[in-house]
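Geometric and topological summary
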Amino acid sequence: MPTTVALAVRNVSKASQTEGTAAPAVSTTPINKAEVEGCVTIYDVTRLESYAKNLVDYHMILDLLPNVARLYFLGKLRNLGFSYIQLALLAGVGLQYKKIEEVGIELNVGISQLMAMFNKATRKICRSIREIYEDGMSKADAKEKPSSSVAKIDTEKAEIPIPKKHPLEAPPADSALETEAKKKKIEQLFI
């Protein structure tokens with residue numbers, strides 16, 4: 001099936017869902033960190049970022065495109081604002097397993113233009129997946145931190161361990177002003 005037909009079917013399906021004539025085919029709830037880790041690991045994200053920075057060839061990330069395309073077309077990734085050509089590339093290469101050259105012939109677009117659009121799409125995908133990972137990590141950090149009202153310590157009963165000094169260690173050198181200030185504080189306590 002030509003990529004343009006696949007996108008047309010998607011657009012018709014999407015339009016009928018917004019009009020209320022058909023029930024949504026997929027859940028459009030955003031994906032969380034645990035779900036995205038099942039499809040794309042953090043190592044995969046670094047590979048995508050390497051391609052987005054033009055450090056590696058696109059052949060290094062072709063194995064990731066089916067999972068990424070599935071996530072996007074199932075509505076799991078945030079709205080990325082893809083152009084029609086970027087959507088066609090993602091659908092053709094990711095879901096239909098076509099070569100980029102085949103998609104270029106179908107769309108009547110040169111390979112160099114397609115590769116530039118593919119690179120831009122990869123940057124958007126990386127940013128979206130990285131945000132999902134960061135949101136998941138910040139939520140996990142928030143769960144681990146105890147609130148101050150829960151973790152109260154009775155300071156009168158708590159024993160604070162005093163570290164033992166090595167006999168050869170010299171005490172830290174204080175300036176003369178700091179030493180005088182400490183002496184005055186101690187004297188005020190006893191008066």
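Note that the structure is predicted; figures quoted are calculated from it, not measured.

Because an α-helix packs 3.6 residues into every turn, residues spaced three or four apart end up facing the same way. Listing the buried residues of helix α6 (residues 100-107) in full gives Ile-100, Val-103, Gly-104 and Leu-107. Buried residues along α6 cover an arc of 105° about the axis, so they all sit on one side. Immediately beyond the C-terminal end of α6, within one or two residues, lies Asn-108, with a positive phi of roughly 60°.

Before going further, it helps to spend a moment on the nonpolar core. Grouped together as the largest cluster of nonpolar side chains are 38 residues, with contacts concentrated most on Tyr-72, Phe-73, Phe-82, Ile-100, Phe-118, Ile-125 and Ile-129. Counting only elements with at least two residues in this core, the list comes to α3 (42-52), α4 (65-73), α5 (84-95), α6 and α7 (111-144). Here this core gets 9 residues from one element, more than from any other, and that element is α7. Excluding its chain neighbours within four sequence positions, the residues that come into contact with Phe-118 are Tyr-51, Tyr-58, Ile-61, Leu-65, Leu-89 and Ile-100.

A few words now on the packing of α5 against α6. Each packed pair of helices is defined by two parameters, the angle between the axes and the distance between the axes. Contact geometry of α5 with α6 gives a least axis separation of 10 Å together with a crossing angle of 135°. It follows from the interaxial angle that α5 and α6 lie oblique. You can see that α5 and α6 cross each other, and the crossing is right-handed. On α6, the residues touching Tyr-84, Ile-85, Ala-88, Leu-89, Gly-92 and Val-93 of α5 are Ile-100, Val-103 and Leu-107. Taken together, the residues of the contact of α5 with α6 break down into 8 nonpolar, 1 polar and no charged.

What counts as what
- Residues numbered from 1 in each chain as written.
- Predicted model: local features only at pLDDT ≥ 70, side-chain atom pairs only at ≥ 80, totals over all residues.
- Heavy atoms only, no water.
- Buried < 20%, exposed > 50% of the residue type's maximum accessible area, 1.4 Å probe, protein only.
- Helix = DSSP H or I, 4+ residues; strand = E, 2+ residues; numbered from the N terminus.
- Arc of directions from axis to C-beta.
- Core = buried A, V, L, I, M, F, W, Y, C linked by side-chain atoms within 4.5 Å.
- Contact = heavy atoms within 4.5 Å.
- Axes fitted to C-alpha atoms, helices over the stretch in contact; angles between N-to-C directions.
- Parallel < 35°, antiparallel > 145°, perpendicular 65-115°, else oblique.
- Left-handed = near helix turned anticlockwise from the far one by under 90°.
- Nonpolar A, V, L, I, M, F, W, Y, C, P; charged D, E, K, R; others polar.

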